[in-house]
Amino acid sequence: DDASSCSSDIPLEEFEFHSKRSHVLNCNWKLYVENYLEGYHIPAVHPGLNKEVDMSQYFVKVFPGFVEHVAATIPDSGSAYEGVWLWHAPAMAINWYGDGLSLERIVPTSPTTTEIRYEYLFRKSSGSDPADKAAQQHALDTSREVTNE
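Since the structure is predicted, the reported quantities are computational estimates derived from the model, not experimental observations.

How each quantity is defined
Residues numbered from 1 in each chain as written. Predicted model: local features only at pLDDT ≥ 70, side-chain atom pairs only at ≥ 80, totals over all residues. Heavy atoms only, no water. Salt bridge = Lys/Arg side-chain N within 4 Å of Asp/Glu carboxyl O. Helix = DSSP H or I, 4+ residues; strand = E, 2+ residues; numbered from the N terminus. Buried < 20%, exposed > 50% of the residue type's maximum accessible area, 1.4 Å probe, protein only. pLDDT = per-residue confidence, 0-100. Pairing = 2+ DSSP bridges. Axes fitted to C-alpha atoms, helices over the stretch in contact; angles between N-to-C directions. Contact = heavy atoms within 4.5 Å.

(A) Summary view of the pattern of salt bridges. Enumeration according to the criterion identifies three salt bridges in this entry. Across the salt bridge formed by E14 and R123, the nearest N and O atoms sit 2.2 Å from each other. Of the two residues, E14 is situated in the loop between α1 (3-7) and β1 (15-25) and R123 in strand β7 (residues 113-123); the sequence distance between them amounts to 109 residues. Given the relative accessible area of 36%, E14 is considered partly exposed. Residue R123 is joined to D99 by a salt bridge in which the shortest nitrogen-to-oxygen separation is 2.9 Å.

(B) The confidence of the model for the chain, seen in detail. Confidence in the prediction of the chain, expressed as mean pLDDT, is 82, and 86% of residues score 70 or more. Taken element by element, the chain is modelled with least confidence in α1, mean pLDDT 53, and with most confidence in strand β6 (residues 100-110), mean pLDDT 94.

(C) The sheet that holds strand β2 (residues 59-63), seen in detail. An order of β1-β7-β6-β5-β4-β3-β2 is seen for the seven strands of this open sheet, with the pairing classed as antiparallel. At either margin of the open sheet sits one strand with a lone partner, and together these are β1 and β2. Within this sheet the neighbouring strands show an average axis-to-axis angle of 15°, counted without direction. Of the strand pairs in this sheet, strand β3 (residues 66-71) and strand β4 (residues 83-88) are connected by six bridges, and their pairing is antiparallel. Paired with H69 across the bridge in β4 is W85. Lying over the sheet, helix α2 (residues 29-36) contacts β1, β3, β4, β5 (92-97), β6 and β7, oriented at roughly 150° with respect to β6.

Written out as structure tokens, the structure reads:
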């Protein structure tokens with residue numbers, strides 16, 4: 001397996017650009033990546049995410065140059081988290097959640113700070129009604145919340 005086989009399952013043609021966001025974390029970029037590479041910390045560090053993801057169905061697959069996470073959600077949780085997260089060495093991630101997709105660049109800004117730059121995309125069919133717009137805003141807010149935890 002390679003990263004192209006995992007990412008080829010993502011129907012990119014069905015998505016359109018929504019927005020860009022970035023924020024600075026008070027940690028070295030390698031610490032951020034280390035946390036991204038495993039899911040063991042989720043119950044202790046990400047209480048909101050932990051309520052929605054079924055950790056018994058959370059899998060991490062390690063390949064040369066990239067890591068794939070596959071997460072199932074707790075039934076009836078209303079979660080936007082079921083999906084696939086791909087990290088590509090050294091500093092890029094693709095996070096796919098059904099109707100949402102984020103491209104994540106991990107940018108070292110100093111030995112003790114890291115800027116996370118996101119480009120958010122949503123399915124072209126989503127966002128046409130208020131419920132879709134609310135779901136998109138929830139996904140954006142939750143992304144920032146989980147990163148800041």
